[in-house]
Amino acid sequence: MTGLPARKFRIFDTAKLDLIVKDAVGKLDGSDFDERMAWCEANEEIGWRIEDEPDGWWLLSWGGRPLCRVHRDRLRRHAATTAEHN
């Protein structure tokens, strides 16, 4: 994971973030999943990335392209676990 200093990330529920990523990856069709895995292997980039977007959104990318967007408020300990899938 990149882009987030550890001290800031502590206020978020990392288990929710993991669930959101697993859900988004699970919704990929087989060929999309395979292409992303191949990209990761070819570029030696394991894992997903987080980029800050305006208005409190994060763009989560995996396999060289966007995976989903999630609002930071959704990652607080008592918020619902939802994301916008790409």
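Further up the page is the structure itself.
Every chain is numbered independently, its residues counted from 1 as its sequence is written. The predicted origin of the model limits local features to residues at a pLDDT of at least 70 and limits the giving and counting of side-chain atom pairs to 80 or more, whereas totals for whole chains, interfaces and linings rest on all residues. The basis for every side-chain value is the complete set of heavy atoms in the structure, and neither hydrogens nor water enter the calculation.

1. Comments concerning the nonpolar core
Logical step 1: Ranked by internal contacts, the top residues of the largest apolar core, which has 16 residues, are Trp48, Trp58, Leu60 and Leu75.
Logical step 2: Secondary structure elements are defined from DSSP: runs of H or I of at least 4 residues count as helices, runs of E of at least 2 residues count as strands, and each element is numbered from the N terminus. Sorting the residues of this core by element identifies helix H2 (14-26), strand E2 (57-62) and strand E3 (65-71) as the ones contributing at least two each. Joining through side-chain atoms within 4.5 Å is the link that ties buried Ala, Val, Leu, Ile, Met, Phe, Trp, Tyr and Cys residues into a set, and such a set is a nonpolar core. Burial classification: accessible surface area is computed with a 1.4 Å probe over protein chains only, and a residue below 20% of its type maximum counts as buried, one above 50% as exposed, and the rest as partly exposed.

2. Considering the pattern of salt bridges
Logical step 1: Salt bridge criterion: a side-chain nitrogen from Lys or Arg within 4 Å of a carboxyl oxygen from Asp or Glu. Applying the stated criterion across every chain yields a total of seven salt bridges.
Logical step 2: A salt bridge links Asp32 to Arg36, with the shortest nitrogen-to-oxygen separation between them at 2.9 Å. Note that Asp32 and Arg36 are positioned in helix H3 (residues 30-43) at a spacing of four residues, about one turn of the helix.
Logical step 3: Classification of Asp32 as buried rests on a relative accessible area of 18%.
Logical step 4: Residue Arg36 is classed as buried on the basis of its relative accessible area of 3%.

3. Description of H2
Working note: α-helix, 3.6 residues per turn, so residues spaced by three or four point in the same direction.
Logical step 1: Working rule for helices: expected span equals 1.5 Å times residues minus one. The terminal C-alpha atoms of H2, which comprises 13 residues, lie 18 Å apart, in line with the 18 Å expected from a rise of 1.5 Å per residue.
Logical step 2: Those residues of H2 lying buried are Lys16, Leu17, Ile20, Val21 and Ala24. Buried residues of H2 fall within an arc of 135° about the axis and therefore sit on the same side. When the buried face of H2 is taken as reference, the exposed residues oriented beyond 90 degrees from it are Leu19, Lys22 and Gly26. To be clear, the arc concerns the directions from the helix axis to the C-beta atoms.

4. Description of the environment of Ala38
Logical step 1: As for its placement among the helices and strands, Ala38 is situated in helix H3.
Logical step 2: Taking the C-alpha atoms as reference, Ala38 lies 9.9 Å from Gly64; in sequence the two are 26 residues apart.

5. Description of unusual backbone geometry
Logical step 1: Positive phi, close to 50°, is recorded for Glu44, a residue that is not glycine.
Logical step 2: As for its placement among the helices and strands, Glu44 is situated in the loop between H3 and strand E1 (49-52).
Logical step 3: Of note in the backbone geometry, Asp55 takes a positive phi value of approximately 60° without being a glycine.

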